[in-house]
Amino acid sequence: MPRTYKITINGQETTGENGTLNVVNPATEEVFAYASQASDNQLEQTVQAAQKAFTSWKETTLDQRKSHLKAIAIKLEEHQEELAKLITLEQGKPHNLAMMEVSAAIGWLQATIALDLPVKVIEDSAAKRIELHRKPLGVVASITPWNWPVMIAAWHIFPALLAGNTVISKPSELTPIATLRMIELIAELLPKGVINSVCGGGEIGAAISQHPGINKIVFTGSTPTGQAIMRSAAGNLKRLTLELGGNDAGIVLPDADPEKVAPAIFQSAFLNMGQTCAALKRLYVHDSIHDSLCSKLTDIANQQIVGDGMAPETSFGPVQNPKQLQIVKKLVEDAVDNGATVLCGGEPLQQKGYFYPPTLITNVDNGCRLVDEEQFGPVLPIIRYSDVNAVIKKANDCENGLGGSVWSSDLEQAVELAKKLETGTTWVNNHAEVLPHAPFGGAKMSGIGVEFGAEGLEEYTQIQVLSITK
Ligand code: NAD
């Protein structure tokens, strides 16, 4: 009998009053666990617990909160294997990647512990002293997607706590288990009500967005959901950080060495089976190296061992859910119907599990749905170009603006072109690399605000200016 994972309210592991969710292993299509769903009444209790806890948590010093976070880092290290196994079972990624996800979450926690919120002196004259203080906001709700469940929850939760807020975490209904377990572990080390979890789908997400007792929402997920949250958050002017969809372009210049860039391009496009917000999702390759780069990428794709993430030989897991598998399938079919060429992959595997092999598609251009829309899965459209200025225009002809990249052996030229991309992050000779000390966020419809580093931490605070007339 699969285990039922509980929610955490006010320090207590609690059975949800709204029944349970079936959590399916995407490699087997079997239910491997259940997750307790919170009722509206339990959301109310959670908000009250978090509000009550805030009254004393906000009075703790930064150093006291850092001590708590250090203890949490040790605990998560002790439970790395357990959390990684749950990630693979619910999300599908190969176990070594899941281990990396948990260690990245701990790495981000450690980087957060190293941050401070110093008082900034704006004026200190004979007549006046003006100081800028950073105060916590109150109750922060974290709403997360299904691609990197533990890492993204960690990105939200730890800076919120360090800044002195209390937190309610709502994981994706498709991958709630590892997050619910992580919150249980964290709650053991914090005062009651400082960290809580609720579980359920869009309805509880919508209830959170509207709740007047919640002061900020940090959301990672699709752009339409981000827009819905923004609309409902207006009631009490909730602060928002929205990390939304992306359709990142990579541009390979004629002087790039295909042999050298192919492994990094493959990794940036197919990391987590392509289910990564800032994965490389459209690849523009100069005519002069198009065929040789395609051939190198195809070799790498053909080396992947597609299978259950728990099998040690697997390098490429399933898509997380059947809906996303259908999106990928339909986009590829549409491209092929419109004259595209499939270099490798191109169809779901005919076996149990939501398996779709790494797929490379050429003979496509802007105007094809596979190029214009976010595929969020294991398929990369490759677009041949010959005019660099025209390709920048094509890369920017997109409502999203999360990341972008330029690949070249001439760094100066690459940097000049990289600056022209309308994105929150632009990489040169890299893509999708996020780091705990570099702010990360989307331009255009890819989001509002940033995470990581000092700028990310400041998003969990309210400025208070203290103006003293001497
Ligand atoms: P999603 O928007 O469907 O769901 C995300 C979360 O929102 C889930 O927890 C869901 O239950 C909740 N939700 C659904 N409806 C809601 C509502 N009305 N109000 C509040 N919450 C609601 O996204 P997904 O399919 O889980 O994730 C894939 C998307 O996330 C892709 O577009 C991807 O690019 C994006 N993403 C962005 C980043 C980033 O940092 N920019 C990172 C990862 C994923």
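Procedures and definitions
Residues numbered from 1 in each chain as written. Predicted model: local features only at pLDDT ≥ 70, side-chain atom pairs only at ≥ 80, totals over all residues. Heavy atoms only, no water. Buried < 20%, exposed > 50% of the residue type's maximum accessible area, 1.4 Å probe, protein only. Helix = DSSP H or I, 4+ residues; strand = E, 2+ residues; numbered from the N terminus. Pairing = 2+ DSSP bridges. Domains from an automatic or database assignment. Contact = heavy atoms within 4.5 Å. Buried area = accessible area lost by both parts, 1.4 Å probe. Near = heavy atom within 4 Å. Polar contact = N/O pair within 3.5 Å; in protein donor to acceptor, adjacent residues only side chain to side chain. Areas by Shrake-Rupley, 256 points an atom, 1.4 Å probe, with all protein chains shown as cover. Core = buried A, V, L, I, M, F, W, Y, C linked by side-chain atoms within 4.5 Å. Axes fitted to C-alpha atoms, helices over the stretch in contact; angles between N-to-C directions. Parallel < 35°, antiparallel > 145°, perpendicular 65-115°, else oblique. Left-handed = near helix turned anticlockwise from the far one by under 90°. Nonpolar A, V, L, I, M, F, W, Y, C, P; charged D, E, K, R; others polar. Salt bridge = Lys/Arg side-chain N within 4 Å of Asp/Glu carboxyl O.

Novice: A description of the pairing of strand S16 (residues 359-362) should follow, citing residues and the corresponding values.
Specialist: Side-chain alternation along S16 places Thr359 and Ile361 on one buried face and Leu360 and Thr362 on a second face that is also buried. Both strand S15 (residues 341-344) and S16 contribute to a ladder of three bridges, which runs antiparallel. Each residue of the ladder has a partner; that of Val342, found in S16, is Ile361. Note: S16 against strand S17 (residues 379-385), three bridges, orientation parallel. Residue pairing for S17: Thr359 is matched across the bridge by Val379.

Novice: Report on unusual backbone geometry, specifying residues and quantitative values.
Specialist: Look at Met273: it is not a glycine, yet its phi comes out positive at around 60°. Mapped onto the elements, Met273 comes out in the loop between helix H9 (258-270) and strand S14 (280-286). Residue classification places Met273 among the buried residues on the basis of a relative accessible area of 1%. Here Phe376, not a glycine, exhibits a phi torsion of approximately 45°, which is positive. Mapped onto the elements, Phe376 comes out in the loop between helix H12 (369-372) and S17.

Novice: Lay out the domain arrangement of the chain with the relevant residues and their values.
Specialist: You'll often see interface size given as the accessible area lost when the parts meet. Under the domain assignment used here, the chain contains domain 1 (3-244 + 446-469) and domain 2 (248-436). Taken over C-alpha atoms, the centre of domain 1 sits 31 Å from the centre of domain 2. Contact with domain 1, which involves 29 residues of that partner, is made by 29 residues of domain 2. Summed over both sides, the interface of domain 1 with domain 2 buries roughly 2,400 Å², with 62% coming from carbon and sulfur.

Novice: So what's going on with the site of the ligand? Residues and values would help.
Specialist: Not every one of the 30 residues close to the ligand is listed here, only the nearest: Glu173, Ser222, Thr225, Leu244 and Glu374. Separating an oxygen atom of the ligand from a side-chain N or O atom of Glu173 is a distance of 2.6 Å. Here the ligand loses 87% of its free accessible area of 860 Å² to cover by the protein chains.

Novice: Can you explain the nonpolar core? Please cite residues and give values.
Specialist: Ranked by internal contacts, the top residues of the largest apolar core, which has 73 residues, are Leu76, Ile157, Phe158, Leu161 and Ile217. Setting aside anything within four residues of it in sequence, one finds Ile157 in contact with Val167, Ser169, Met182, Ile183 and Ile195. Counting 29 residues, the second-largest nonpolar core is a separate cluster that includes Val319, Leu331, Val379 and Val406.

Novice: Any chance you could break down the packing of helix H2 (residues 62-78) against helix H4 (residues 95-113) for me, citing the residues and the numbers?
Specialist: Packing of H2 against H4 leaves a shortest axis separation of 10 Å and a crossing angle of 165°. With respect to H4, the axis of H2 lies roughly antiparallel. For the pair H2 and H4, the crossing hand works out as left-handed. The residues of H4 that touch H2, namely those facing Lys66, Leu69, Lys70, Ile72, Ala73, Leu76 and Glu77, are Ile106, Leu109, Gln110 and Ile113. A per-class count over the contact of H2 with H4 returns seven nonpolar, one polar and three charged.

Novice: Help me get a handle on the pattern of salt bridges, residues and values and all.
Specialist: Applying the stated rule across the entire model yields 19 salt bridges. Salt-bridge contacts for Glu333 lead to Lys329; the nearest nitrogen and oxygen are separated by 3.2 Å. Here Glu333 and its partner Lys329 are both found in helix H11 (residues 322-337), four residues apart, which amounts to about one turn of the helix. Across the pair Lys444 and Glu422 runs a salt bridge whose closest N-O atoms are separated by 2.7 Å. Here Lys444, found in strand S21 (residues 443-444), pairs with Glu422, found in the loop between helix H14 (411-418) and strand S20 (425-428); they are 22 residues apart in sequence, far enough to count as distant. With relative accessibility at 39%, the residue Glu422 sits in the partly exposed group. Through salt bridges with shared partners, a single ionic network connects Asp124, Arg129, Glu131 and Lys470.

Novice: Let's hear about the sheet that holds S14: which residues, and what values?
Specialist: The seven strands are arranged S15-S16-S17-S14-S13-S19-S20 in an open sheet whose pairing can be described as mixed. Two strands close off the open sheet at either side, each with one partner strand: S15 and S20. Each neighbouring strand pair of the sheet contributes to a mean axis angle of 20°, computed without reference to strand direction. By the bridge criterion, five bridges tie strand S13 (residues 248-252) to S14 in an arrangement that is parallel. When the bridges of S14 are listed, Ile251 appears paired with Tyr284. Contacts from helix H10 (residues 287-302) reach S13, S14, S15, S16 and S17 within the one sheet, and its direction differs from that of S14 by about 140°.

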